[in-house]
Amino acid sequence: MDPTLQLDIRYATSSNFMHRPLYTQPRAFLQRPAAAALAQVNQELKPLGYKLLVFDGYRPWAITKQMWDSTPDANKEFVANPQKGSRHNRGCAIDLSLCELASGKEVEMPGQYDEMSPRSYAAYAGGTAEQRARRDLLRSKMEQHGFSVLEAEWWHFDYKDWKSYRIQNTPFEQL
Ligand SMILES: C[C@@H](N)C(=O)N[C@H](C)C(=O)O
Ligand SMILES: [Zn+2]
């Protein structure tokens, strides 16, 4: 992916909703057309003082299964059902936010990444006007380049051609 993207691969650390590392490497992968589109989004954000902060891209199917099995039923809208697979498993979904270009600091959004609450909804009307404006800026730039937001998660975007790619379970070390 574009080397000027900032990475914060939470699933390679214990700082995630599973409270343990799920990946052995802090890396992010996407199918090439999705990665090219993402690089364009990143370039267009720079004059506005932001760059993309990537939390996750391709995710092996076995990790989706672990997430589903560990998540209580009440929160299952925030994880993909492994019976259908996640678009992350196809290398066609990305979890991301914005950071300030100048400081490299993550911006505040209406809710936290992977927060399992209504604050995560893309249409959540709470938070500050500034937080909502940044969330909506991210969404609008991503939509201009072929991504669509998941209504339950302001940070999750699917690339338009996801159906063309198969579900994979290859670990990062073998990619
Ligand atoms: C777990 C969360 N970051 C996520 O990606 N959720 C969607 C629904 C998914 O698992 O595909
Ligand atoms: Zn996601």
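Quick notes on the rules
Residues numbered from 1 in each chain as written. Chains lettered and ligands numbered in written order. Predicted model: local features only at pLDDT ≥ 70, side-chain atom pairs only at ≥ 80, totals over all residues. Heavy atoms only, no water. UniProt positions renumbered as here; feature names shortened; annotations may be inferred. Donors = N, O, S within 2.8 Å, 3.2 Å for Na, K, Ca; no water. Tetrahedral: all angles 85-135°; square planar, octahedral: opposite > 155°, others 65-115°. Buried < 20%, exposed > 50% of the residue type's maximum accessible area, 1.4 Å probe, protein only. Helix = DSSP H or I, 4+ residues; strand = E, 2+ residues; numbered from the N terminus. Contact = heavy atoms within 4.5 Å. Pairing = 2+ DSSP bridges. Axes fitted to C-alpha atoms, helices over the stretch in contact; angles between N-to-C directions. Phe/Tyr/Trp six-rings, centres within 6.5 Å; stacked < 30°, edge-to-face > 60°. Lys NZ or Arg CZ within 6 Å of the ring centre and 35° of its normal.

The chain has the name D-alanyl-D-alanine dipeptidase in an unreviewed UniProt entry, where Hymenobacter humi is given as its organism. UniProt's Catalytic activity (unreviewed entry) comment on the chain is quoted here verbatim: "D-alanyl-D-alanine + H2O = 2 D-alanine".

**Some details on the coordination of the zinc ion (ligand 2)**
For the zinc ion (ligand 2), every protein donor is listed as His88 (NE2), Asp95 (OD) and His156 (ND1), and the spread of their distances is 1.9 to 2.0 Å. Around the zinc ion (ligand 2) sit 4 donor atoms, and with donor-metal-donor angles ranging over 91 to 131 degrees the site reads as tetrahedral. For His88, a relative accessible area of 1% translates into the label buried.

**Description of the UniProt feature "active site" (unreviewed entry) in the chain**
Annotation from UniProt places "active site" (unreviewed entry) at Glu153. If you trace the backbone, Glu153 turns up in strand β5 (residues 153-159). Setting aside chain neighbours within four positions, we find Glu153 in contact with Glu77, Phe78, Val79 and Ser120.

**Some points on the side chain of Ser120**
Within the secondary structure layout, Ser120 lies in the loop between β3 (93-100) and α3 (129-144). Each residue touching Ser120, except ones within four places of it in the same chain, is listed here: Phe78, Gln112, Glu115, Ala152, Glu153, Trp154 and Trp155.

**Here we look at the sheet that holds β3**
The 5 strands lie next to each other as β1-β2-β3-β5-β4, forming an open sheet whose pairing is mixed. Taken across any chain shown, the strands that pair with only one partner, and hence form the sheet edges, are β1 (6-7) and β4 (147-150). Relative to β3, strand β2 (residues 50-56) runs antiparallel, the two being bridged by 6 bridges. Residue pairing across strands places Val54 opposite Leu96, the latter belonging to β3. Contacting β2, β3, β4 and β5, helix α1 (residues 32-45) crosses the sheet at an angle of about 145 degrees to β2. On the sheet, α3 packs against β2, β3, β4 and β5 and is oriented at approximately 130 degrees with respect to β3.

**What about the packing of aromatic side chains?**
Under the definition given, this model contains 11 aromatic pairs. A centroid spacing of 6.3 Å and a plane angle of 40 degrees characterise the contact between Tyr58 and Phe172, whose relative ring orientation is tilted. Of this pair, Tyr58 sits in the loop between β2 and α2 (61-70) while Phe172 sits in the segment after β5, placing them 114 residues apart in sequence. Like Tyr58, the residue Phe172 is buried in the burial classification. Their ring planes at 90 degrees and their centres at 5.5 Å tell us that Trp154 and Trp155 sit as a pair that is edge-to-face. The burial state of Trp154 is the same as that of Trp155; both residues are buried. Ring pairing ties together the aromatic residues Tyr11, Phe17, Tyr23, Phe29, Phe55, Tyr58, Tyr113, Trp154, Trp155 and Phe172, which thus form one cluster. Positioned above the aromatic ring of Trp68, the side-chain terminus of Lys76 is 4.8 Å from the ring centre. It is Arg87 that lies over the ring of Trp162; its NZ or CZ is 3.7 Å from the centre.

**Looking at unusual backbone geometry**
Notably, His19 is not glycine yet its phi reads approximately 60 degrees, a positive angle. Positive phi, normally seen in glycine, also occurs at Asp114, with a value near 65 degrees. Relative to the helices and strands, Asp114 is located in the loop between β3 and α3. Judged by its relative accessible area of 12%, Asp114 falls in the buried class.

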